[in-house]
Amino acid sequence: METQLDPMKDDLPLMANTSYVLVKHYILDLDVDFQSKVIEGVIVLFLEPGSRYRKTSSTGRGGCRSQFDETCQTRPSEPCLSPVTNAATRSSETEYNDFAVCGKGDEDTSDKNGNHSNEEQASGISSSKDCCDIENDGNKDFLLVLDCCDLTVLKVEEVDVAAVSGIEKFTRSAKLTDVPKEQESLRNLIVNELVTLPADRWEEQLHYFTRCSQAPGCGELLFTTGTWSLEIRKSGIHTPADFPHAIRIWYKTKPEGSSVTWTTDQSGRPCVYTMGSPINNRALFPCQEPPVALSTWQASVRTAAGFVVLMSGENSADPVQLREGILSWYYYVTMPMPASTFTVAVGCWQEVKQQSFTAAIQTNTKFSMPSSQADFSPHIIFLSQSVLPGGSHLCGTRLCHEIAHAWFGLAIGARDWTEEWISEGFATFLEDIFWARAQQLSHDEVKGQRELKALLRWRRLRDEVQNSEEELQVLRPKKESTGEVSESGASVVKHGLKAEKIFMQVHYLKGYFLLRSLARTIGEASYLASLRKFVHKFHGQLVLSQDFLCMLLEDIPEHKESGLTVESIFQNWLDTSGIPKPLLEEGETWKECQLVQQVSGEVTKWIQTNQRIRKSGKKKRKQDEVVFQKLLPDQLVLLLESLLEEKTLCPRILQCLEKTYQLQEQDAEVRHRWCELVVKHKYLPGYGDVERFLREDQAMGVYLYGELMVNEDAKQQELARKCFAAAREHMDASSAKVVAEMLF
């Protein structure tokens, strides 16, 4: 029996019953309406029975693996196919008397909680438990459970794929008949053959997916929507194998749905985009959210002329004019990935080419950067405007981090989303290697920058551990239960809905230091060789921490004698809160780095100058001119963090600091530390800098609000409330919630 999931808790429920049914392909056909802030249209799902049913069924084809098979290999990008036409014009007009259907344009049948159903009586279903009794009670209707939140579902129907001309080639020796039961089996057979086509027939596969999505309906299906799920059934169908393998869903999003953000760009023009919501894409389209549900997709998105639709597709889309003022954009993906990687951005975007940065990267023939990979979103990268000003350093490192996700996060994914470190820790470790290659640094320069970065990350981890809940500091919060799901495939992401979690970096930092420690233990060359081996071995698979650790330790058996085991790594690094014990024992070796020592010297100069000025009081004495050295961006961050530890800095020092390093021209990481200094010392001339930062660098400025409030200074609190009032409507829900709790 399924565990009842409480949506008011901080754990994120994954409701889809993936053990019984897997979505293999999605086709979306959507309209974007900026006036109503609604995305509306149709989605067609192509299904196959899941692993648990196949294992218990005598007609099963074998267990489902959590990795890609031959049909799941990456295929080369090709010019886009014909856009999908609106399936709404081809729907079945069959009427049923045993239940009411809410169709497009009909009266909304939602209840007071916003839940929807086309069944006459409330189903009372709150979880996917009923779909688990296939073996015990064959008389119950099978339920398809999809992850769904803040969507208005209008209609669900079975798709008559057998009506597609030429589809007979997928029926093998089966004969077309008019017997209803045989027709149902034939339709499922066609979908089964289509979803299992080999990789080299991907163009043909997409072609027939498109044609099948346009086929007429052949019967409407019962459905119920709840807080977290959409449940679909067909009367008299008791098993996943007999459940329709192609279904069409009419739906529309809600303006408040948190999978997408409706806002304006820097020029005040409307735009909408997905942005890594804690609930992923379930408020954008009904889907299967668990990582094991790997699928491909096609999407046609229509919007007003003047807008550009970008998506995480493999092709470069050229818009097609459907009628005056309306353009359609078509994208597709042929490498199966979790539904959470689906990404869309609609706005008045413009292409900007910066040849210098691209050329600098391309000159190094040993370093190959995929041009369009991203953080959990293939072929598209979202970068905050905060990382763009102030030189190339911050932007370059962030790009390298996102590019690293092409391997860790996309090509290799975590089987349990609570193990975020598998993607974020690896990406953080690799960003240093990628960025050093992109800059073509010497060996000594690479070593110096890495040690400096390690110190900054150490300081950040130390501060985060001191100021966060212990349970959020654990990299493997489910410990021995990691990777386990319920009988149906449903599970929860522990702490997945905690608003403050989105701002925490513990998975990035502790994961990074674990990998850094392993590299230092076995030698970087051996470690990187093992990393390449891991990528080749597990490419296209979902993994747990032990998959990587076991493979790594097998390559270095000599280190087992020193106590380096999977169990010890779990105990010291992954299953406990706080600073890992080995990291504390390592000692702050990075302080011997020349770049760090240079900063220490500059800090001493500033402290001594501050002391002299304070001692001189108001007397005007000629000061000996102090010469300060030019510092790298990361050195500036360390300098300002070190000065933040001083109890008092006089206004003249702060004025000189800003002028010496032209702090308002630096990147956002440097400007953030400058704003912290301004707030701590109540430096009135710098309040304008704080206000600009809070308005223009919203996500990075979240904790500045807390610092403005904690001083209990009336002017600072007024500044915080003023900035929040101006920026609130443009902030994402998690940021707004955290800031509101600080202010009110």
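Worth saying up front: this structure is predicted, and the values here are computed from it rather than measured.

## Describing the environment of V161
Argument step 1. One can find V161 in the loop between β5 (151-159) and α2 (180-195).
Argument step 2. Sequence separation between V161 and R211 is 50 residues; the distance between their C-alpha atoms is 8.4 Å.
Argument step 3. In this structure, V161 is in contact with I167, R187, I190, V191, C212, A215 and A246, ignoring residues within four places of it in sequence.

## Here we look at the sheet that holds strand β4 (residues 143-147)
The strands that make up a sheet pair up through hydrogen bonds in the backbone, lying either parallel or antiparallel.
Argument step 1. Judged by pairing direction, the sheet is antiparallel, and its 3 strands sit side by side in the order β4-β8-β7 without closing on themselves. Looking along the sheet, the strands with just one partner apiece sit at the ends: β4 and β7 (222-225). Within this sheet the neighbouring strands show an average axis-to-axis angle of 20°, counted without direction.

## Quick notes on helix α16 (residues 668-680)
Argument step 1. Spanning 13 residues, α16 covers 18 Å between terminal C-alpha atoms, matching the ideal 18 Å at 1.5 Å per step.
Argument step 2. Within α16 the residues assigned to the buried category are A668, E669, V670, R671, H672, R673, W674, C675, E676, L677, V678 and V679.
Argument step 3. Backbone geometry just after α16 places K682 at a positive phi near 50°.

## Overview of the packing of helix α17 (residues 687-696) against helix α18 (residues 702-710)
Argument step 1. The contact between α17 and α18 brings their axes to 9 Å, and the two run at 140°. Between α17 and α18, the angle falls in the class oblique. In this structure, α17 meets α18 at a crossing whose hand is left-handed. Residues V690, F693 and L694 of α17 lie in contact with α18, whose contacting residues are L704, Y705 and L708.
Argument step 2. Taken together, the residues of the contact of α17 with α18 break down into 6 nonpolar, no polar and no charged.

## What to know about unusual backbone geometry
Argument step 1. In the Ramachandran plot, N280 falls in the positive-phi region, its phi being about 60° despite a non-glycine side chain.
Argument step 2. Within the element layout of this structure, N280 appears in the loop between β11 (270-274) and β12 (294-304).
Argument step 3. With relative accessibility at 17%, the residue N280 sits in the buried group.
Argument step 4. In this structure, Q440 is a non-glycine residue whose phi angle is positive, near 55°.
Argument step 5. One can find Q440 in the loop between α6 (421-439) and α7 (443-466).

About the criteria used
- Numbering of residues starts from 1 in each chain and follows the order in which that chain's sequence is written.
- Since the coordinates come from a predicted model, pLDDT governs what is reported: local features require at least 70, and pairs of side-chain atoms require 80 or more to be given and counted, while whole-chain, interface and lining totals use all residues.
- No hydrogens and no water enter the side-chain calculation; it runs on all heavy atoms of the structure.
- Starting at the N terminus, helices and strands are each numbered in turn, a helix being any DSSP run of H or I of at least four residues and a strand any DSSP run of E of at least two.
- In what follows, residue pairs with any heavy atoms lying within 4.5 Å of each other are defined as contacts.
- Strands qualify as paired when DSSP identifies two bridges or more between them.
- Here an angle of 0 to 180 degrees is reported between the N-to-C directions of two axes, which are lines fitted to C-alpha atoms, with helices fitted over the stretch in contact.
- By this rule, a helix spans an expected 1.5 Å times one less than how many residues it contains.
- With a 1.4 Å probe rolled over the protein chains alone, any residue whose accessible area is under 20% of its type maximum counts as buried; one over 50% counts as exposed, and the rest are partly exposed.
- Should an angle fall under 35 degrees it is taken as roughly parallel, and over 145 as roughly antiparallel, whereas 65 to 115 is taken as roughly perpendicular and any remaining angle as oblique.
- Put simply, a crossing is left-handed when the front helix is turned counterclockwise from the back one by less than a right angle, and right-handed when it is turned clockwise.
- Polarity classes work like this: nonpolar for Ala, Val, Leu, Ile, Met, Phe, Trp, Tyr, Cys and Pro, charged for Asp, Glu, Lys and Arg, and polar for all others, with Gly in that last group.

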